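One-letter residues, chain by chain:
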Amino acid sequence: MNQSLANKLVLCDLDNLLLGPDGNLTQVVRDVLQLFSSRGGRFTVFSQRTPKAVRALLGSVRLSAPALVCGGTLAYHFADGSRQPLCSFAGQDAGLFASLPSAAGVGIALQMQDGSTRVLRMSHALEQHLQQEWTPYLLANAADIRPDEVYQDNRSIPLTSLLEKALGGSTTALLGERAAPDLLRLTPRTVSGAEMLQAVCTPVGIAPENVLVLAGSMPMLELVRAASRSAAAADAPAELRLAAKQVTLTDAAGGAAVEVLYRMVRAAEKSV
């Protein structure tokens, strides 16, 4: 085992840097991950997806530390099934979920603390999204939802302005990322990059300064800002690239994650 890699951990953007056009891990990614781990490197992921969806995508790939799932609102340790909530909608106006847009065709699904997904209103786009994520769901009523029960709010909304019109000032407490033309992911603005790093590092005894955050999308911005070491894909949003300590030569689809991991392996081999 190479000791120069053994005390380092790479926290990588699963959704944007590791998946191929078909939505699965590419073979070159699997090969480089195997090489990286065989040299003693430690690896985990950040994802907007649920623990079940992440586990299905990773397959035989084993993580060395808790993964940040559900947009960073939950640290999930696949080794023992333990979980740590990092933020929630607790403290939000109870009317936040009751005042969601009522326009025809708008789908609304909430991701709950207990790991379940509750659909307040189904749409064709939302149904497709849930199927792609292999996510089972329960139908629910907005009046029965308490803010402190919710981790992340995934809503399929055609226009951001529609959301702002419906929720008014409540949107100031939310972070939003458009994942598709008809899908807007929302998380509480209270999520902290430093807390996310601690939740990943503490269970496995790694110092936060030994974590390299490898990002490709805006949901990882707070992590990039909090990390001592960070890299962003060449085609990542400008704000993310400016916050990162380094920018890769390749873009996300061109193998930004492979570039960084392989470079770390080569550097470790030269140091022996």
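Reading the values: the criteria
- Residues numbered from 1 in each chain as written.
- Predicted model: local features only at pLDDT ≥ 70, side-chain atom pairs only at ≥ 80, totals over all residues.
- Heavy atoms only, no water.
- Salt bridge = Lys/Arg side-chain N within 4 Å of Asp/Glu carboxyl O.
- Helix = DSSP H or I, 4+ residues; strand = E, 2+ residues; numbered from the N terminus.
- Buried < 20%, exposed > 50% of the residue type's maximum accessible area, 1.4 Å probe, protein only.
- Core = buried A, V, L, I, M, F, W, Y, C linked by side-chain atoms within 4.5 Å.
- Contact = heavy atoms within 4.5 Å.
- Arc of directions from axis to C-beta.
- Phe/Tyr/Trp six-rings, centres within 6.5 Å; stacked < 30°, edge-to-face > 60°.
- Lys NZ or Arg CZ within 6 Å of the ring centre and 35° of its normal.
- Axes fitted to C-alpha atoms, helices over the stretch in contact; angles between N-to-C directions.
- Parallel < 35°, antiparallel > 145°, perpendicular 65-115°, else oblique.
- Left-handed = near helix turned anticlockwise from the far one by under 90°.
- Nonpolar A, V, L, I, M, F, W, Y, C, P; charged D, E, K, R; others polar.
- Pairing = 2+ DSSP bridges.
- Right-handed = clockwise from strand over helix to strand, strands pointing away.
- Expected span 1.5 Å × (residues − 1).
- pLDDT = per-residue confidence, 0-100.

**Observations concerning the pattern of salt bridges**
Counted under the stated rule, the structure contains 5 salt bridges. Residue glutamate 269 is joined to arginine 39 by a salt bridge in which the shortest nitrogen-to-oxygen separation is 3.2 Å. Taken together, the residues span a long stretch of sequence, with glutamate 269 in helix H10 (residues 256-271) and arginine 39 in the loop between helix H3 (27-38) and strand E2 (42-46) at a distance of 230 residues. Judged by its relative accessible area of 31%, arginine 39 falls in the partly exposed class. Glutamate 259 serves as the salt-bridge partner of arginine 263, at 2.4 Å between the closest nitrogen and oxygen. Of this pair, arginine 263 and glutamate 259 both sit in helix H10, separated by 4 residues, roughly a single helical turn. We classify arginine 263 as partly exposed; its relative accessible area is 36%. Judged by its relative accessible area of 14%, glutamate 259 falls in the buried class.

**Observations regarding the nonpolar core**
One finds Val10, Leu14, Leu18, Phe43, Leu68, Val213 and Leu223 to be the most contacted residues of the largest nonpolar core, which totals 65 residues. Here the element with the most residues in this core is H10; it accounts for 8 residues. Setting aside anything within four residues of it in sequence, one finds leucine 14 in contact with Leu19, Leu25, Val45, Phe46, Ser47, Val54, Leu57 and Leu58. Counting residues in each nonpolar core, the second largest holds 6 residues, with Leu110, Met112, Leu120 and Ile145 among its members.

**What about helix H4 (residues 51-58)?**
Of all the residues in H4, the buried ones are Pro51, Ala53, Val54, Leu57 and Leu58. Angular distribution of buried residues about the axis of H4 spans 165°; they occupy a single face of the element. Those residues of H4 hidden inside the fold are in contact with helix H2 (14-17), H3, E2, strand E3 (67-69) and strand E4 (74-77). Just downstream of H4, glycine 59 is the residue with a positive phi angle, here 60°.

**Quick look at the packing of aromatic side chains**
Summed over all chains, the structure comprises 1 aromatic pair. The side chain of arginine 55 reaches across the aromatic face of phenylalanine 78, ending 5.2 Å from its centre.

**Focus on the packing of H3 against H10**
When two helices pack together, their arrangement is given by the angle between their axes and by how far apart the axes lie. Axis separation between H3 and H10 bottoms out at 10 Å; the angle between their running directions is 25°. Taken together, the axes of H3 and H10 lie roughly parallel to each other. Note on packing geometry: the crossing formed by H3 with H10 is left-handed. Within the contact between the two elements, H3 uses Val28, Val29, Val32, Leu33, Leu35 and Phe36 and H10 uses Val258, Leu261, Tyr262, Met264 and Val265. Considering only residue class, the contact of H3 with H10 consists of 11 nonpolar, no polar and no charged.

**Focus on the pairing of strand E13 (residues 229-232)**
Bridge count for strand E12 (residues 211-215) against E13 is 4 bridges, and the pairing is parallel. When the sheet's bridge partners are listed, leucine 214 is paired in E13 with alanine 231. As for the winding sense of the linkage, the β-α-β connection from E12 through helix H8 (residues 221-226) to E13 is right-handed. Relative to strand E14 (residues 246-247), E13 runs parallel, the two sharing 2 bridges. Note that in E14 the partner of alanine 231 across the bridge is glutamine 246. You can see the chain leave E13, run along helix H9 (residues 238-243) and come back into E14, and the turn it takes is right-handed.

**Comments concerning H3**
Its 12 residues place the ends of H3 16 Å apart at the C-alpha level, agreeing with the 16 Å of an ideal helix rising 1.5 Å per residue. Looking one or two residues past H3, glycine 40 carries a phi angle of roughly 100°, positive in sign.

**A closer look at the confidence of the model for the protein chain**
Confidence in the prediction of the protein chain, expressed as mean pLDDT, is 80, and 76% of residues score 70 or more. Taken together, the stretch residues 152-160 has pLDDT below 50 and engages in 54 contacts with residues farther than four places along the chain or on a different chain.

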